[in-house]
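Understanding the architecture of this molecule
The chain contents come next:
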Amino acid sequence: MRSKSIALLGVLLLLLSACAGLPRSGEVQVQERLRQVDGDVTLHPVGPKKGATPQEIVESFTRAAAAGLYDDFAVAREYLMPEAAAKWNPLMQVSIYADSRTPATSQTDTGSFKTSVAALGSINAEGMYANAPQDALITNEYSLVRNSDKEWRISVLTDGIVIPQAIFSSFYAEAALYFLNQDNSALVADVRWYPRKRLSSQLARGLVAGPSKWLAGAVKSAIPASADVESVEVQVDPA
């Protein structure tokens, strides 16, 4: 059964470029098409400075996290206490704001710090994009403590990152997963956005995990439900 599952996965990966049919049932889903930017962008996140204030730590962390796709968030985690760094999941939700905006930082009545910026959209952990409601804000709150070196570090934060659209479009790629319609007569596209880094593995994991909830009633997967998503890894050899 395991070899059969791997074979099916390989076939579906080869079909990623095939033409898709349209589902014949289910609600209509409308999404604004994001602007795709071609070309590589090189970012160099900067670690915390000695003697930085809590507000400076929060603002610098926000910038380092936005650039974290370049270094797997290694520098961004330097701004966190060890326990917070171990638990933080930066790709749980990627919140996107317009390039013309800048996140604002303020201190709350409880002494924590809050950042906010007008929302453009977001990507969830499965790579599904959603437009933000009109006038929606991306708001995050951070609690800080001093570490053993008496330097301020973030001890409490929510999962996810906040990035401008230009960085998102440079580091993420639009890709379609394809699933069979109910009578096996066509392939149906399920559009996702994944980090360009290890894109092939992300696509494979998306196929194993299955279609989006809104599409699930109209399509099916040839991959057994018992397949292990976390163990999927694809190596692509250059031609």
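See the structure printed just above.
The following paragraphs examine the structure supplied in this document. (Residues numbered from 1 in each chain as written. Predicted model: local features only at pLDDT ≥ 70, side-chain atom pairs only at ≥ 80, totals over all residues. Heavy atoms only, no water.)

1. Regarding the overall build of the protein chain
Each helix and strand in the protein chain was counted, giving six helices and eleven strands. Scored against the burial criterion, the 239 residues of the protein chain give a buried share of 39%. Long-range pairs, those at least 24 residues apart, make up 66% of the contacts in the protein chain with a sequence separation of at least 6. (Helix = DSSP H or I, 4+ residues; strand = E, 2+ residues; numbered from the N terminus. Buried < 20%, exposed > 50% of the residue type's maximum accessible area, 1.4 Å probe, protein only. Contact = heavy atoms within 4.5 Å.)

2. Thoughts on helix 6 (residues 199-209)
Within helix 6, the full set of buried residues consists of Ser 201, Leu 203, Ala 204, Gly 206, Leu 207 and Val 208. Looking at the residues trailing helix 6, positive phi occurs at Gly 210, about 105°.

3. Regarding empty space enclosed by the protein
Taken as a whole, this structure holds one cavity of 30 Å³ or more when the rule is applied. Reported here for the largest cavity is a volume of approximately 40 Å³. What lines the largest cavity is simply Thr 62, Pro 103, Thr 115, Ser 116, Val 117, Ile 138, Asn 140, Tyr 142 and Val 162. When residues of the lining of the largest cavity are traced back to their parent elements, those giving at least two are strand 3 (113-118) and strand 6 (137-146). Classifying every residue of the lining of the largest cavity by side-chain character gives five nonpolar, four polar and no charged. (1 Å grid on protein atoms, 1.4 Å probe; cavity = no way out; pocket = protein on both sides within 12 Å on 5 of 7 lines; lining within 4 Å. Points joined across faces, edges and corners; volume = space filled by probe spheres on them. Nonpolar A, V, L, I, M, F, W, Y, C, P; charged D, E, K, R; others polar.)

4. Thoughts on the pairing of strand 7 (residues 152-156)
Here four bridges tie strand 6 to strand 7, and the two strands are oriented antiparallel to one another. What sits directly across from Leu 144, in strand 7, is Ile 154. (Pairing = 2+ DSSP bridges.)

5. Thoughts on the sheet that holds strand 4 (residues 121-124)
The four strands are arranged 5-4-1-8 in an open sheet whose pairing can be described as mixed. Looking along the sheet, the strands with just one partner apiece sit at the ends: strand 5 (129-131) and strand 8 (161-164). In this sheet, adjacent strand axes meet at a mean angle of 25° when their direction is disregarded. Pairing between strand 1 (residues 93-97) and strand 8: four bridges, direction parallel. (Axes fitted to C-alpha atoms, helices over the stretch in contact; angles between N-to-C directions.)

6. Some thoughts on the environment of Met 81
With respect to the helices and strands, Met 81 occurs in the loop between helix 3 (74-77) and helix 4 (82-87). Distance from Met 81 to Arg 153, taken between C-alpha atoms, is 5.7 Å for residues 72 residues apart in sequence. Excluding residues within four positions of it along the chain, Met 81 makes contact with Val 145, Asn 147, Arg 153, Ile 154 and Ser 155.

7. Overview of the nonpolar core
Core analysis: the biggest nonpolar cluster contains 34 residues, and Phe 61, Leu 80, Trp 88, Val 94, Ile 154, Leu 157 and Phe 168 have the highest contact counts within it. Where this core is concerned, the elements lending two or more residues are helix 2 (54-66), helix 3, helix 4, strand 1, strand 6, strand 8 and helix 5 (165-171). Examining the composition of this core, we find that six residues originate from one element, helix 2, more than from any other. Beyond its immediate chain neighbours, meaning those up to four positions away, Ile 154 contacts Ile 57, Phe 61, Tyr 79, Leu 80, Met 81, Ala 84, Tyr 142, Ser 143 and Leu 144. Residues Phe 179, Val 188, Tyr 194 and Ala 218 belong to the second largest nonpolar core, which totals twelve residues. (Core = buried A, V, L, I, M, F, W, Y, C linked by side-chain atoms within 4.5 Å.)

8. Quick notes on the side chain of Asn 147
Within the secondary structure, Asn 147 is located in the loop between strand 6 and strand 7. Its relative accessible area of 18% is what places Asn 147 among the buried residues. Of note is the side chain of Asn 147, whose polar atom sits 2.9 Å from the backbone nitrogen of Asp 149. The contacts of Asn 147, once residues within four sequence positions are left out, are Met 81 and Arg 153. (Polar contact = N/O pair within 3.5 Å; in protein donor to acceptor, adjacent residues only side chain to side chain.)

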